[in-house]
Amino acid sequence: MKRRRFVKALVAAPAIPAALAQQPANNNSPRPTSPAPPPLDATTPPAPLNRTPTEATAPTSLPTSVADEVSDTNPKFFSAVQFAALRRISEIIMPSINGAPSALDAKAPEFLDFLLSRSPQDRQLLYKNGLDQLNAQAKKLYNKSFA
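Bear in mind that the values here come from a model prediction, so they are computed numbers and not experimental data. (Residues numbered from 1 in each chain as written. Predicted model: local features only at pLDDT ≥ 70, side-chain atom pairs only at ≥ 80, totals over all residues. Heavy atoms only, no water.)

Draft legend 1. The packing of aromatic side chains, seen in detail. Taken as a whole, this structure holds two aromatic pairs when the rule is applied. Between the NZ or CZ atom of Lys128 and the centre of the ring of Phe77, over which it lies, the distance is 4.5 Å. (Phe/Tyr/Trp six-rings, centres within 6.5 Å; stacked < 30°, edge-to-face > 60°. Lys NZ or Arg CZ within 6 Å of the ring centre and 35° of its normal.)

Next comes the structure, spelled out in structure tokens:
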């Protein structure tokens, strides 16, 4: 019931100013009249926008560069061995096909390193343990790390 009353009040709210405007005024004092605004033509914008600067100046340009072109990102979450295994498995799962960028071109291992550094503990353990097991199995079977 409360919701129904709320919706009715919400629907009726726009009609209140119109209903008040139709009621006769009780006091006999005349209302002050404000001067009518001047008519706007299509070439004159509203007041805050019609101010033109006294002197036009060119915007200041700042030299920028892409962060990946400046330096390589260092792994912050994974160890060097884990990060090397992550890069290798990224290369295997998503190689460059028909000119499309690979996972290494897209910097997927670096992104995962950043993402997992801010992920919940259970997800961090899942990735770290998985990469450690991958390295351990490669060491056991082939006597070298997965990377």
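Draft legend 2. Main features of the packing of helix α4 (residues 80–93) against helix α6 (residues 121–142). Two numbers describe how α4 lies on α6: the axes approach to 9 Å, and their chain directions differ by 85°. Comparing their axes, α6 and α4 come out roughly perpendicular. Contacts between α4 and α6 involve Val81, Gln82, Ala85, Leu86 and Ile89 from the former and Lys128, Leu131, Asp132, Leu134 and Asn135 from the latter. Residues of the contact of α4 with α6, tallied by class, amount to six nonpolar, two polar and two charged. (Axes fitted to C-alpha atoms, helices over the stretch in contact; angles between N-to-C directions. Helix = DSSP H or I, 4+ residues; strand = E, 2+ residues; numbered from the N terminus. Parallel < 35°, antiparallel > 145°, perpendicular 65-115°, else oblique. Contact = heavy atoms within 4.5 Å. Nonpolar A, V, L, I, M, F, W, Y, C, P; charged D, E, K, R; others polar.)

Draft legend 3. Up close: a nonpolar patch on the surface. A contiguous nonpolar surface patch, about 310 Å² in accessible area, is contributed by Ile92, Ile93 and Met94. Within the fold, Ile92 resides in helix α4. (Patch = residues over 30% accessible without salt bridge, like charges linked within 9 Å, V, L, I, M, F, W, Y side chains within 5 Å. Areas by Shrake-Rupley, 256 points an atom, 1.4 Å probe, with all protein chains shown as cover. Salt bridge = Lys/Arg side-chain N within 4 Å of Asp/Glu carboxyl O.)

Draft legend 4. A look at the pattern of salt bridges. As enumerated under the stated definition, the model contains two salt bridges in all. We note a salt bridge from Glu110 to Arg87, for which the minimum N-O separation is 3.0 Å. Taken together, the residues span a long stretch of sequence, with Glu110 in helix α5 (residues 108–117) and Arg87 in helix α4 at a distance of 23 residues. A relative accessible area of 30% means that Arg87 is categorised as partly exposed. In this structure, Arg88 engages Glu91 in a salt bridge whose closest nitrogen and oxygen atoms are separated by 3.6 Å. Taken together, the residues Arg88 and Glu91, both in helix α4 and three residues apart, mark about one turn of the helix. (Buried < 20%, exposed > 50% of the residue type's maximum accessible area, 1.4 Å probe, protein only.)

Draft legend 5. Focus on α5. Residues Pro109, Glu110, Asp113 and Leu116 constitute the buried set of α5. The arc enclosing the buried residues of α5, seen along the axis, measures out at 135°, which places them on a common side. Those residues of α5 that are buried lie in contact with α4 and α6. (Arc of directions from axis to C-beta.)

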